[in-house]
Amino acid sequence: MGVMSAARAKTHPERGVLLRSLGRELTRVDRQELTLPLMERDRLILCSDGLYNTLEDKELETLSRDVDTETACRNLIDEANKRGTSDNITSRSLSE
């Protein structure tokens, strides 16, 4: 949305707000509404830092483009694991 550069977003102090809310202990709840116009065939990826910190944004896009959801998840996890991600990565389909 152009609020800040991609480089700044990677190091911004608030970059893990959602992750903190999804952890074992709810330390802080941040609620901010965001309007994001989506188009047909757009795909949103919700992932942990084990995936996000291992792959670049363009790689997330490339590995998940033009394939079904299950294949996209497998592609992303496999590539992050090949690079030796420092975190445990698993997937869960919305259909499960």
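A quick note: this is a predicted structure, and the numbers were derived from the prediction, not measured. (Residues numbered from 1 in each chain as written. Predicted model: local features only at pLDDT ≥ 70, side-chain atom pairs only at ≥ 80, totals over all residues. Heavy atoms only, no water.)

(A) Local environment of the nonpolar core. The biggest cluster of nonpolar side chains holds seven residues, and these are Leu51, Leu55, Leu60, Leu76, Ile77, Ala80 and Ile89. If one sorts the elements of this core by residue count, helix α5 (residues 69-82) sits on top with three residues. Other than its neighbours up to four places away in sequence, Leu51 contacts Leu60, Leu76, Ile77, Ala80 and Ile89. (Core = buried A, V, L, I, M, F, W, Y, C linked by side-chain atoms within 4.5 Å. Buried < 20%, exposed > 50% of the residue type's maximum accessible area, 1.4 Å probe, protein only. Helix = DSSP H or I, 4+ residues; strand = E, 2+ residues; numbered from the N terminus. Contact = heavy atoms within 4.5 Å.)

(B) A look at α5. Taking 1.5 Å of rise per residue, 14 residues should cover 20 Å, and α5 covers 20 Å from first to last C-alpha, within 8% of that figure. Every buried residue of α5 is listed here: Ala72, Leu76, Ile77, Glu79 and Ala80. For α5, the angular spread of buried residues about the axis comes to 165 degrees, placing them on one side. On its buried side, α5 packs onto α3 (49-52) and α4 (57-64). Between the side-chain oxygen of the N-cap and the backbone nitrogen of Glu70 there are 3.1 Å, and the N-cap of α5 in question is Asp68. (Expected span 1.5 Å × (residues − 1). Arc of directions from axis to C-beta. Polar contact = N/O pair within 3.5 Å; in protein donor to acceptor, adjacent residues only side chain to side chain.)

(C) Summary view of the side chain of Ser64. The residue Ser64 is located in helix α4 in this model. For Ser64, a relative accessible area of 8% translates into the label buried. Setting aside residues no more than four positions away along its own chain, Ser64 makes contact with Arg43, Ile45, Ala72 and Leu76.

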